[in-house]
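What follows is each chain in one-letter form.
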Amino acid sequence: MSNVSYHISNLLEKMTSTDKDFRFMATNDLMLELQKDSIKLDEDSERKVVTMLLKLLEDKNGEVQNLAVKWLSGALVSFHSSLLSSLLPQLTSPRMAVRKRSILALGHLVPCCSPALFSQLTEHLLTELAKGPPTSMTRTYIQCLATISRQGGHRVGEHLEKLIPMVLKLTSVEDDELREYCFQAFEAFIRRCPKEMSPHVATVTQLCLKFMTFDPNYNYDDEEEEEDSMDIEDGLDEESDDEYSDDDDMSWKVRRSSIKCLEALINTRRDLLLSFYSSICPALLARFKEREENVRADVFAAFSTLLRQTRAGSCHHGPATPGSDSGKSREEEPAVAMLKKQVPLIVKALHRQLKEKSIKSRQGCFCLLTELAHTVPGALEQHIPALIPGIVFSLTDKSTSSTMRIDTLSFFHVLLLSHPPQAFQPHMQVLLPPVVACVEDSFYKITSEALLVAQQLVKVMRPQGQTATAGGFDPKPFIREVFSVTLKRLKATDIDQEVKERAISCMGHMVCHLGDHLRAELQGVLTIFLERLKNEITRLTAVRTVALIAASPLKIDLSSILPEALSVLGSFLRKNQRALKLGTLACLTALVTHHAASIKPAALEPVMCELPALVDENDMHVSQVSVTLLTCMAKACPSSLAKISSSVLAGVFRLVHSPLLQSGALAAILDFLQALVLSKTSNLGYSQLLKSLTDPFHSSHSSADSSIIHRQSYHSVARCVAALSSACPRETAGTVAGLMQEVKSPGSPESARVLALLCLGEVGRSGSLGGSKEVQGVILEAIASTNEEVKTAASCALGGMAVGSLNDYLPFLLKEISSQPRRQYLLLHSLKEVISACPASSLSPHVESIWALLFQNCECQEEGTRNLVAECLGKLTLVNAAQLLPRLRQQLKAGSPLARSTVVTAIKFTIIDQPAPIDSLLKDCIAHNKPSLIRGLLATVLPHLYKETQIRKDLIREVEMGPFKHTVDDGLDVRKAAFECMYTLLDSCLEGLDVLQFLDHVEEGLKDHYDIRMLTFLMLARLASLCPAAVLQRLDRLIEPLKATCTTKVKAGSVKQEFEKQEELRRSAMRAVAALLAVPEVERSPSMADFANQIRTNADMASIYQSVQGGEGGGLGPAESMDMS
């Protein structure tokens, strides 16, 4: 015994060590020791152990803390049963405080107790409720039920069928507090077990709708007529009466809890949104007149949730801006259409409340209206006259708090952004004074918000592009008012940073939109802008503002500040701040484009010397913007460019030859080269530019050099040669002759021949080659070459030329495809280029001949050729979808399996990212990256998809390989495709899925083949972040296959690939485990807690866990999150 005491005291001493590892290991060892039955602690040792444990709960190291928590909770596991049996009798205590604390204690016990104990607790509550106890006892039991539902989550699901009828029956008891607790229980059930609640949703909704109007002591009908005439004092008296009569009238609690229950329903069941608009929406609207302020705030909150859910659905289609046609061109969400019909009723119910004394009500109104403006931009246009008095009242009322003013300004800003200017112009006289007063407010947050609104109002006064009095609105009377307050804020230097920036921005918009009205004051303002440009704190905002003014259609005279501004802007190009660099380049581009006449060549010197260093592949976007600025200079002031042409061009050519060059930067370079050759600047003629572009391809004789030239560079250079050729048409003939000579010359290196072919294709794309027979001959000769690179380049070139001269080349191309089966693959590549790049109008006459040719080749034995035919067919279908898609679908019913698979692949290529006319015709086909098309069909598609995820024994066969037997699963590819499809649906159609049914199939996939397990681990990690509640419900079933994967070892004699495969599988499983551990409340699951402990104590698994966590040393706890991007 003394030996045990010594060992324990030794461990306790180590638990106080300064080394965290010592403390962790000592605590872990003590845990293991005390789990042995042979050890019994004396009273003194027991006290020391408990004291030490409690001390470790506040340890600085997270791992040690977690271990102490786990030990304490583990130590209590054996007491759970006795805890429950001692807490249950306390629920019947005569003291209210004891009953409440017992409920709290049970709430903490529920998440970590065993399923058997949970069932025992639920059965006890049901039995007691069935006895029909006194109302006070019933209240306690229902409160307890709501608490264990909130804490126990999904565990309540299996008992709901017995619980719901009981709670429903109790709502008919005439006791307000009991009804409140019943609705709180329903709310907990709905939030925690949405799936199991499905059969009861209709009943609960009806109950909520009935009791949200439950106000027996008040008659709203009499109030309706008097509401307008009721004076403020009466309103205040009535509120104070309510305050005193709260003890008597508890009906407001019933109304509030039923509304919160409805909000939970709206939040968790987006799939029922349309039915909510017909049932819940009108009822909530009718309750906007609620007399109790707190309840009214909840009504507004519930309605705002309904709007947010509507927006969550409609944002799949991308946001619609007011005045854009995007809303008309696409199908409107049914929920949004229903909401639009309700807008007049919403405004009618709210506009009175906007002038009430109650600040809480007004804030609720503005929050709701803000959500409405975000959800349906432009919907409030007809109702702006009704809203303006409320906005003005909240901005001018002396008793209004600062928060209320900020909320009002924030809503007003959203309103101005989401509605056309014409809606506000007639009301400018009323709207402007309160906003101006807010700009002068002493509280900086109000000033800041007011400046944002003032900026929008300036845009409203004269929208961009309008003349002085267009649209019958003259801004002149209002300019002085806004200008003086903004100038005051602009001049001040001792104000908040945010106010400084917004004052600069607001004044910038004034100069941009109304500069012609400022006259004498304008120069003073521009001088202030120049000062702000030199100030490090405000320079970025000032740069953006100067760019805005420079591009103004009013052609503001900036000559007074230009020389100094250019010098300052040039210095900014040396700074490391990327946003400043980009802003400066945009500002310089605007200045050079619009004010070239005022700029002297010498003034550009500080800018010019900084530009060559910016044209670099390390930052493509900065390079692109720099080249765009150079293009503007080449057009506006070519003489300035001559000095730096050599240094800039070296950088530009490095970019052209870089494999990193993207389409945006390439387009900028093409514009620059064309502007440069047209500017006739000395030493930069056509031939010199051409030579510099193509030289690297001629010098690459050695293999060491050729590795430097990337395939991407060939295409970039070819585009540049074509751009130069189109800028100098006189030179084209000579260039083409030189290129053909290059292709024909046997002494040319491969890189030069490939480049020459691609250049011919790009030059031909513009149509400047015509139907030259000589060029055709050269291309055909190249296609017959033995060199693969040359053949591919010739195929691209032929496609490019056919795009430029369709009538000359297309018949020739089709004839060659039919007569040259050995070259078919290359020629089909050319045809694909033609179909992809030609506009539908020019292709239409040739569609039939191409269609017939493609169908002749859709049963080709070569899979590569079939895929090319499918791509051509899919893209050709887009030319005339209405006629060709039905013909494509007919082919699905006839023909060989090869032909049908080609057609299915073709349909895949008809689905493109952008909205297209074919969308309405695709609904009965396959939709992969257009989720909006397939959402409505999920009910019919999902059963077929889920069926394909199951292992089919009839597709598994054994193949004898000498003395060995090898199992082959022919259904694996189909299952893999089905799981991939499921993964895609997670991102695009989550709200249309029954997640628990989905998880059933994921669970099966966790035990399937290596490839499928890798996919399902990814899906599980994704589900853990998207729908944690559903994953928690299935946690116990999901952990077993994860545990099996993480603990499996490969047989000792296996090959290296087997070890690598198993290692990758374990890492993937561990990523899924890490994602599960990041779910809140996961630590309450005993099985997950055991598995987490197993990972921690097993060195091999712990190291894998650490590596997937990015090598961070944090413990296994719910606070850890995993980067799922």
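Refer to the preceding data block for the structure.
Now for a quick tour of the structure. Small disclaimer: the values here were computed from a predicted structure and weren't measured. (Residues numbered from 1 in each chain as written. Predicted model: local features only at pLDDT ≥ 70, side-chain atom pairs only at ≥ 80, totals over all residues. Heavy atoms only, no water.)

Comments concerning the overall build of the protein
Across its full length, the protein carries 60 helices and two strands. The buried share of the protein, taken over its 1125 residues, is 50%. For the protein, long-range pairs separated by at least 24 residues make up 71% of all intrachain contacts whose partners lie at least 6 apart in sequence. Of the roughly 52,400 Å² of accessible surface on the protein, 53% is carried by carbon and sulfur atoms. (Helix = DSSP H or I, 4+ residues; strand = E, 2+ residues; numbered from the N terminus. Buried < 20%, exposed > 50% of the residue type's maximum accessible area, 1.4 Å probe, protein only. Contact = heavy atoms within 4.5 Å. Areas by Shrake-Rupley, 256 points an atom, 1.4 Å probe, with all protein chains shown as cover.)

Thoughts on helix α23 (residues 428–439)
With twelve residues, α23 should cover 16 Å at 1.5 Å per step; its first-to-last C-alpha distance of 16 Å lies within 8% of that length. Along α23, the residues classified as buried are M428, L431, L432, P434, V435, V436, C438 and V439. As for α23, its buried residues are in contact with α21 (384–396), α22 (402–418), α24 (444–461) and α25 (476–491). (Expected span 1.5 Å × (residues − 1).)

So, the nonpolar core
Of all hydrophobic cores here, the largest spans 284 residues; its most connected members are I142, F189, F303, F412, L611, M633 and L831. With residues up to four places along the chain from it excluded, the contact list for F303 reads C281, L284, L285, F288, I346 and L368. If you look at the next biggest cluster of nonpolar residues, it comprises 55 residues, including A1030, A1072, A1092 and M1101. (Core = buried A, V, L, I, M, F, W, Y, C linked by side-chain atoms within 4.5 Å.)

Topic: helix α45 (residues 824–837)
With 14 residues, α45 should cover 20 Å at 1.5 Å per step; its first-to-last C-alpha distance of 20 Å lies within 8% of that length. What α45 keeps buried is the set Q824, L826, L827, L828, S830, L831, K832, V834 and I835. Next to the buried residues of α45 lie α42 (773–783), α43 (788–804), α44 (806–819), α46 (840–843), α47 (847–856) and α48 (863–877).

Digging into empty space enclosed by the protein
Per the stated rule, a full pass over the model turns up four cavities of 30 Å³ or more. Approximately 60 Å³ is the volume found for the largest cavity. Along its surface, the largest cavity is lined by M96, R99, S136, R139, T140, Q143, E177 and Y181. At the level of secondary structure, the elements contributing two or more residues to the lining of the largest cavity comprise α6 (96–109), α8 (135–152) and α10 (176–192). When its residues are assigned to classes, the lining of the largest cavity shows two nonpolar, three polar and three charged. (1 Å grid on protein atoms, 1.4 Å probe; cavity = no way out; pocket = protein on both sides within 12 Å on 5 of 7 lines; lining within 4 Å. Points joined across faces, edges and corners; volume = space filled by probe spheres on them. Nonpolar A, V, L, I, M, F, W, Y, C, P; charged D, E, K, R; others polar.)

Description of the environment of T877
Tracing the backbone through its elements, the reader meets T877 in helix α48. Relative accessible area serves as the criterion here: at 0%, T877 is assigned to the buried category. As a C-alpha pair, T877 and I907 span 30 residues in sequence and 8.6 Å in three-dimensional space. For T877, the side chain forms a polar contact with the main-chain oxygen of L873, separated by 2.7 Å. (Polar contact = N/O pair within 3.5 Å; in protein donor to acceptor, adjacent residues only side chain to side chain.)

Quick word on the packing of helix α7 (residues 115–130) against helix α9 (residues 160–170)
The contact between α7 and α9 brings their axes to 11 Å, and the two run at 35 degrees. Note that α7 runs across α9; the crossing there is left-handed. Contact with α7, carried on its side by T122, E123, L126, L129 and A130, involves K162, L163, M166 and L170 of α9 and no other residues of that element. Across the contact of α7 with α9, the residue classes tally to six nonpolar, one polar and two charged. (Axes fitted to C-alpha atoms, helices over the stretch in contact; angles between N-to-C directions. Left-handed = near helix turned anticlockwise from the far one by under 90°.)

Brief notes about the pattern of salt bridges
Tallied over the full model, the rule gives 38 salt bridges. D298 serves as the salt-bridge partner of K260, at 3.6 Å between the closest nitrogen and oxygen. Linking K260 in helix α15 (residues 251–268) with D298 in helix α17 (residues 293–314), this pair joins segments that are 38 residues apart in sequence. Relative accessible area serves as the criterion here: at 31%, K260 is assigned to the partly exposed category. For E521, the salt bridge identified is with R480, shortest N-O distance 3.0 Å. With E521 in helix α27 (residues 521–534) and R480 in helix α25, the pair connects residues that are 41 residues apart, well separated along the chain. Relative accessible area serves as the criterion here: at 46%, R480 is assigned to the partly exposed category. Salt bridges sharing partners connect three or more residues here, namely E174, D176 and R179. (Salt bridge = Lys/Arg side-chain N within 4 Å of Asp/Glu carboxyl O.)

Focus: the packing of α25 against α27
Packed helices, taken two at a time, are described by the angle their axes make and the gap between the axes. Two elements in contact, α25 and α27, have axes whose closest approach is 11 Å; the angle formed by their N-to-C orientations is 30 degrees. In terms of axis orientation, α25 runs roughly parallel to α27. Every pair of crossing elements has a handedness; the one defined by α25 and α27 is left-handed. Judged by residue contacts, R480, F483, L487, L490 and K491 of α25 engage E521, V525, I528, F529 and R532 from α27. Partitioned by chemical class, the residues of the contact of α25 with α27 number six nonpolar, no polar and four charged. (Parallel < 35°, antiparallel > 145°, perpendicular 65-115°, else oblique.)

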